[in-house]
Amino acid sequence: VGPSSRFARETVEPWAGEQAGVVILRKMASLVIVQKKKEAARRQRVAEMKRDHKRFVDEILGRWGHDGKKELEFDSLKAWLTSVNKGVEPSDDETKWVMAMANQGHTENGTTFASMERKSVLADDLEKALSAWMSYKDSCPEIEEVFKKFDPNGDKILDRAELALLLTDLNQGQEPAESEVDWVLKEADVIGQGAISKPCLAKAVSLWYTMVEDVDHPARDNSRKSLGKESLGTSAREVGGTPLPETQKAVAPSVFCGSKACTLQ
């Protein structure tokens with residue numbers, strides 16, 4: 001209906017136009033009220049989250065912190081993780097790893113710190129620390145299976161030679177280049193011990209597949225034919241490709257790498 005038709009109708013029946021206007025205004029008013037309610041609910045949720053976070057932080061610092069500091073140093077962090085872990089004390093490597101994960105990308109006064117430069121976990125990073133720990137514990141059964149196979153001396157770390165064997169296994173039996181092993185070791189060893197501890201395993205596997213899938217990756221040795229999706233064959237390791245055949249899945253432990261299940265043979 002055009003404007004002229006509406007004008008003619010409203011001239012003949014002025015009450016109809018007024019009635020329609022009232023309906024529109026009421027609808028607009030209702031929408032405004034709904035939006036205000038939604039906004040108020042959002043503000044309330046944000047406020048509750050802030051209060052919950054403050055209670056979470058205050059409880060941890062009050063019980064495990066020292067001298068009123070807004071951070072947990074190594075021993076305090078280890079004690080807190082012990083309580084989270086139902087009284088089972090984490091290893092020093094596990095504690096260092098949680099600290100590194102919590103501090104990853106941490107910025108202070110415009111400066112970004114490397115993971116292990118800070119020797120404590122700040123109050124604002126406690127939730128990140130807890131999240132890292134819980135994710136690691138969820139992956140422990142798979143990690144243990146990998147270490148049973150590639151850590152024959154049982155020292156709970158994969159040295160460079162053991163890491164090379166693991167990467168060879170991931171690469172369908174083709175040995176990775178020396179430079180590729182060095183790169184994975186350097187990048188995955190976030191606690192600086194020169195080896196891959198259990199908490200660092202998932203990152204090592206994830207880094208390997210990142211390099212395999214990126215032809216232009218600077219760490220990749222493209223002079224070798226051992227790398228690339230063609231070498232992954234039909235398995236594709238469940239990383240951005242076709243899942244493993246069921247017969248292989250039955251005997252292949254998997255390591256959770258971020259949001260991807262990296263399956264080992």
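Since this is a predicted model, take the numbers as computed values, not measurements. (Residues numbered from 1 in each chain as written. Predicted model: local features only at pLDDT ≥ 70, side-chain atom pairs only at ≥ 80, totals over all residues. Heavy atoms only, no water.)

### Points about the confidence of the model for the protein chain
When pLDDT drops low, the exact placement of atoms in the prediction is not to be read closely.
Part 1 of the reasoning: Averaged over all residues, the pLDDT of the protein chain is 76; the fraction at 70 or higher stands at 69%.
Part 2 of the reasoning: Long-range and interchain partners of residues 110-115, a stretch whose pLDDT sits below 50, account for 14 contacts in this model, where long-range means more than four residues apart.
Part 3 of the reasoning: Note on residues 228-265: pLDDT is under 50 here. Beyond four places in sequence and across chains, it has 85 contacts. (pLDDT = per-residue confidence, 0-100. Contact = heavy atoms within 4.5 Å.)

### Describing the nonpolar core
Part 1 of the reasoning: In terms of nonpolar packing, the biggest core is built from 51 residues, with W80, W97, I196 and L201 touching the most fellow members.
Part 2 of the reasoning: Residue assignment for this core shows that the elements contributing at least two residues are α2 (14-64), α3 (74-84), α4 (92-103), α5 (126-150), α6 (160-170), α7 (178-188) and α8 (201-213).
Part 3 of the reasoning: Broken down by element, this core gets its largest block of residues, eleven residues, from α5. (Core = buried A, V, L, I, M, F, W, Y, C linked by side-chain atoms within 4.5 Å. Buried < 20%, exposed > 50% of the residue type's maximum accessible area, 1.4 Å probe, protein only. Helix = DSSP H or I, 4+ residues; strand = E, 2+ residues; numbered from the N terminus.)

### Some words on the packing of aromatic side chains
Part 1 of the reasoning: Tallying each qualifying case throughout the model produces three aromatic pairs.
Part 2 of the reasoning: On the basis of an interplanar angle of 70° and a centroid distance of 6.5 Å, the ring pair of F56 and W80 is categorised as edge-to-face. Of the two residues, F56 sits in helix α2 while W80 sits in helix α3, which places them 24 residues apart along the sequence.
Part 3 of the reasoning: The exposure class of F56 is partly exposed, given its relative accessible area of 22%. (Phe/Tyr/Trp six-rings, centres within 6.5 Å; stacked < 30°, edge-to-face > 60°.)

### Looking at the environment of K128
Part 1 of the reasoning: Along the chain, K128 turns up in helix α5.
Part 2 of the reasoning: With relative accessibility at 37%, the residue K128 sits in the partly exposed group.
Part 3 of the reasoning: Expressed as a C-alpha distance, the spacing of K128 and M101, which sit 27 residues apart in the sequence, is 7.6 Å.
Part 4 of the reasoning: Ignoring sequence-local partners within four residues, the contact set of K128 consists of M101, A102 and Q104.

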